Amino acid sequence: MSKILKGLAAWVIALIVIIVIIVAAVGIYYGVILSSHKTITITYFDDLAPEEAKVFQTIILPQFEKEHPNIQVKYIDEGASDIVKNVEELVMSGKVGPVIIGEDNLVIGELLYGGYLMNLTPYINQILQNVTLISSMNALVQYEQKVYHGIYFIPLRANVPLVWYNKTVFEELNLTPPQNWQQLLQDAKIIYEKTGVKPIMFQGHGGASTYTELYQWMVQAGGNPFLFNDSGDILAFEYLYNLSEYFNPDYIHGYWGSYQGLANGKYYILDYQWPYIYSVLASEGVNMSRIGVYPGPAGPANDDHLVGGDVLAIPKGATHIKALIEFAKFLLSPQVQREFIIDLAWPAVNELAYKNLPSNISVVYEAEEEALEHAFFREPVPWITVWGQIADQVFNKIIVNHAPYSEIPQILSQANKEMYEYLLKNYNATVAQEYEEGIFGPLYG
């Protein structure tokens, strides 16, 4: 082969190599570009009533996906305890993936103390960049930082139970909403005598709804509910024992979401129910001008109100943190928090959401605002579910099965002993002793 041909062949080979390199480089470049626009599916766990979940899935989540076309949200609705179990399993498997949860502040402590949550401190400024937390929720974050030395959960939505009543019956009997426990008992007696209807619906079917309501009653009597048997706790159960004479017979089925009998005359006082029922009743055609709502009667010690609701958290080991942060920012944004108020009657945690609200929701909002002025939280101890189970047993013995009135202190002292022994066995003597000394109790801002 001539030198010219050899040179040409070498040149052709070099050209081919250059082309191959360029094509490969272009392929890699576009592969990176395409992969950066690849759709990510994040999983969001929450525990919502059917009506709440419908709003979330049909109104709120589609907005996020429209604003973030490369992020889709897989929504999973489960009970709070089931969310705990799922997160524990995911973390232990080492295959968490892009997961974020909205969890009841009642049970978030189980995940926190178990070490299943990511410390969000490095991301907190990004998440809260357009958020001004209301005072009660800011207090919760400050408590979290002080006690746990980090931020593992962020308030998502507040919730405060309110008392609802049938205005028509109260006006016909010339009664006003009871402002204290004594008046509530008197009004219940009058309504029963005049109408033949036992007027009070109580969340008595057991589980979280029952022991959440009991917690507030004991606090308003001056008690520490975790202890069961201090003087305020005893006073609360003695009062409920007497008030139960006027509980509607269906109270043993009452729970979060029991509301329909209020409008049809089955009962006339809906004792402590979440605000979202306002929009539900209205959607069912109920004349809401005949339904009254207010924070409820004050107890002998205070008129403090339990704040419920959910917090946002990310399981330890989660992936695609940037996408999860974007979703958290969206849920806490003023426009979404405003929709929480308008569409779901949830008190927003972002103060910016309260500007220029429509007048048609002012009744519920004003009641919520008043209740939140005297707010407290349940300390998120990891054993609160066990406490709740014991509280259920106490409720059944004293209220449902109507144990002798004189035995109330004894029943509560036995509950205290059972809780103490559980902590001694499953934790240690220090935790058990702290429990007995009343270290764990309601939290105030």
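All values reported here derive from a predicted model rather than from experimental measurement. (Residues numbered from 1 in each chain as written. Predicted model: local features only at pLDDT ≥ 70, side-chain atom pairs only at ≥ 80, totals over all residues. Heavy atoms only, no water.)

Help me understand the overall build of the protein chain in this model?
Per the secondary structure count, the protein chain includes 18 helices and 12 strands. For the protein chain, the spread of C-alpha atoms along the principal axes amounts to about 120 × 55 × 30 Å. Here the protein chain, with 445 residues, has 53% of them falling under the buried criterion. Within the protein chain, residue pairs in contact and separated by at least 24 positions form 77% of the contacts whose partners lie at least 6 positions apart. Accessible area for the protein chain stands at about 20,100 Å²; split by element, carbon and sulfur atoms hold 55% of it. Placing the 25 positive and 47 negative side-chain charges of the protein chain at their respective mean positions leaves the two points 13 Å apart. (Helix = DSSP H or I, 4+ residues; strand = E, 2+ residues; numbered from the N terminus. Buried < 20%, exposed > 50% of the residue type's maximum accessible area, 1.4 Å probe, protein only. Contact = heavy atoms within 4.5 Å. Areas by Shrake-Rupley, 256 points an atom, 1.4 Å probe, with all protein chains shown as cover. Lys, Arg positive; Asp, Glu negative; His and termini not counted. Charge placed at Lys NZ, Arg CZ, Asp CG, Glu CD.)

Please explain the pairing of strand β5 (residues 162-166) as it appears in this structure.
If a strand is regular, its side chains alternate between the two faces of the sheet. In terms of burial, β5 is largely enclosed, as five of its five residues are buried. Residues of β5 alternate between two faces, with Leu162, Trp164 and Asn166 on one and Val163 and Tyr165 on the opposite face, all of them buried. Pairing analysis gives three bridges linking β5 to strand β7 (residues 269-273), with the strands arranged antiparallel. Residue pairing in the sheet places Trp164 in a bridge with Leu270 of β7. (Pairing = 2+ DSSP bridges.)

Any chance you could explain the packing of aromatic side chains here in plain terms?
Given two aromatic rings, one states the distance between the centres and the angle between the planes to describe the pair. Within this structure, the stated rule accounts for 36 aromatic pairs. Through pairs of rings, three or more aromatic residues link up here, namely Tyr211, Tyr215, Phe226, Phe228, Phe376, Trp383, Trp387, Tyr435, Phe440 and Tyr444. Against the face of Trp346 rests Arg157, its NZ or CZ located 4.2 Å from the ring centre. (Phe/Tyr/Trp six-rings, centres within 6.5 Å; stacked < 30°, edge-to-face > 60°. Lys NZ or Arg CZ within 6 Å of the ring centre and 35° of its normal.)

Is there a simple way to explain the packing of helix α8 (residues 181-195) against helix α10 (residues 231-243) in this structure?
Two measures define how a pair of helices packs: the angle their axes make with one another and the distance between the axes. It is the contact of α8 with α10, at a shortest axis distance of 10 Å, that shows an interaxial angle of 15°. The angle between the axes of α8 and α10 places the two elements in the roughly parallel class. Note that α8 runs across α10; the crossing there is left-handed. Here Trp181, Leu184 and Leu185 of α8 lie close against α10, whose contacting residues are Ala236, Tyr239, Asn242 and Leu243. Looking at the contact of α8 with α10, its residues break down into six nonpolar, one polar and no charged. (Axes fitted to C-alpha atoms, helices over the stretch in contact; angles between N-to-C directions. Parallel < 35°, antiparallel > 145°, perpendicular 65-115°, else oblique. Left-handed = near helix turned anticlockwise from the far one by under 90°. Nonpolar A, V, L, I, M, F, W, Y, C, P; charged D, E, K, R; others polar.)

Help me understand the nonpolar core in this model?
Side chains of nonpolar character tend, in soluble globular proteins, to be buried together. Tyr44, Phe56, Trp164, Trp383 and Trp387 are the most contacted members of the largest nonpolar core, which has 158 residues in total. The contacts of Trp383, once residues within four sequence positions are left out, are Phe226, Met419, Tyr422, Leu423, Tyr427, Val431, Tyr435 and Phe440. (Core = buried A, V, L, I, M, F, W, Y, C linked by side-chain atoms within 4.5 Å.)

Please explain the environment of Val107 as it appears in this structure.
Position of Val107 relative to the elements: it lies in the loop between β3 (99-104) and α4 (108-113). C-alpha of Val107 to C-alpha of Ile83: the two residues are 24 residues apart in sequence and 9.7 Å apart in space. If sequence neighbours within four positions are ignored, Val107 has contacts with Ala80, Val84 and Thr385.

I would appreciate a short explanation of the packing of helix α9 (residues 208-220) against helix α16 (residues 384-400) in the present structure.
Orientation of α9 relative to α16, taken along the N-to-C sense of each, is 80°, at an axis distance of 9 Å. One element, α9, and the other, α16, form an angle in the roughly perpendicular class. Contacts between α9 and α16 involve Thr210, Tyr211, Leu214, Tyr215 and Met218 from the former and Thr385, Trp387, Gly388, Ala391, Asp392 and Phe395 from the latter.

Got a minute to help me understand the side chain of Gln337 in this structure?
Within the element layout of this structure, Gln337 appears in helix α14 (residues 334-344). A polar side-chain atom of Gln337 sits 3.0 Å from the main-chain carbonyl oxygen of Leu331. Once residues lying within four places of it in the same chain are set aside, the contact partners of Gln337 are Leu156, Leu331, Leu332, Ala348, Val349, Asn350 and Ala353. (Polar contact = N/O pair within 3.5 Å; in protein donor to acceptor, adjacent residues only side chain to side chain.)

What is the right way to look at the confidence of the model for the protein chain in this model?
Segments scoring low in pLDDT should not have their predicted coordinates read at a detailed level. Averaged over every residue, the pLDDT of the protein chain is 89; the share at 70 or more is 91%. pLDDT under 50 marks residues 3-9. Its contacts with residues more than four places away, or in other chains, come to one contact. Note on residues 19-36: pLDDT is under 50 here. Beyond four places in sequence and across chains, it has one contact. (pLDDT = per-residue confidence, 0-100.)

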